[in-house]
Amino acid sequence: MAVREFSPAATPPLEPGETVVAEATGVLLGWQPQTILIWWVPGAVFIILGWLEFRSVVVTVGLALFCVALFLFYARDREVRPRAGRKRYVLTDRRLLVGSPGPETAWRPLPLGDIGATRMEHGVADRVVAVLSSAATIVLELRAPGPRGEPRRLRIGPMRRPRGFQAAIDGLLADGDRQRDLQQPPTAEVDLGH
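Definitions and limits used
- Residues numbered from 1 in each chain as written.
- Predicted model: local features only at pLDDT ≥ 70, side-chain atom pairs only at ≥ 80, totals over all residues.
- Heavy atoms only, no water.
- Helix = DSSP H or I, 4+ residues; strand = E, 2+ residues; numbered from the N terminus.
- Buried < 20%, exposed > 50% of the residue type's maximum accessible area, 1.4 Å probe, protein only.
- Core = buried A, V, L, I, M, F, W, Y, C linked by side-chain atoms within 4.5 Å.
- Contact = heavy atoms within 4.5 Å.

*Asks:* How would you sum up unusual backbone geometry? Please name residues and give values.
*Replies:* Across the junction of Gly 157 and Pro 158, the peptide omega takes the value 0°, indicating a cis bond. Here Pro 158 is to be found in strand E7 (residues 153–160). The phi torsion at Arg 55 lies on the positive side, around 50°, for a residue other than glycine. Along the chain, the position of Arg 55 falls in the loop between helix H1 (33–54) and helix H2 (57–74). On the accessibility criterion, Arg 55 (54% relative accessible area) is exposed. Even without glycine at this site, Arg 161 takes up a positive phi of about 50°.

Next up, the structure:
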């Protein structure tokens, strides 16, 4: 399978005076050896244990079909589709730009002021995949709530070296919070006479 690369013409649309702080490219986890190992080793162990426990061809074939069906079901996930495009993430001093590969790259901007906090995916499977493939997903907690008041999140990745990209976002968020605090008018002290 040929890996689609970003063309040189696919440069992000920067505003005047805007500078690039960090860049990352998404990775495809679906058909890498480490990910196949994560998916197939437990299935193979499951099938072998089924054979050892029941000594039945019907049960063993049933377990094998179940594992294949489970694999095909999860292979449809957007993060593991083998033909899915690798997104590109460009962090500037003002925005996060998310671009898709191809000759007509569409860039989606997200102003840094819309991001409240960042965190890494923290489920057990997420941690195992991160260790084996050295790629992880960053979750952006957005400031504005959803239509029903629920918290809004945006997942970016999976990408290699996500901690460095997360640290760059967090550094800019801390600078933005500091700037907002400096722009707040000072509150007058009130003497309550106590």
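*Asks:* Summarise the nonpolar core; cite the residues concerned and give the values.
*Replies:* Counting residues in hydrophobic clusters, the biggest one holds 21 residues, and the most contacted among them are Tyr 89, Leu 91, Leu 96, Leu 140, Ile 156 and Phe 165. With residues up to four places along the chain from it excluded, the contact list for Ile 156 reads Tyr 89, Leu 96, Thr 137, Ile 138, Leu 140, Phe 165 and Ile 169.

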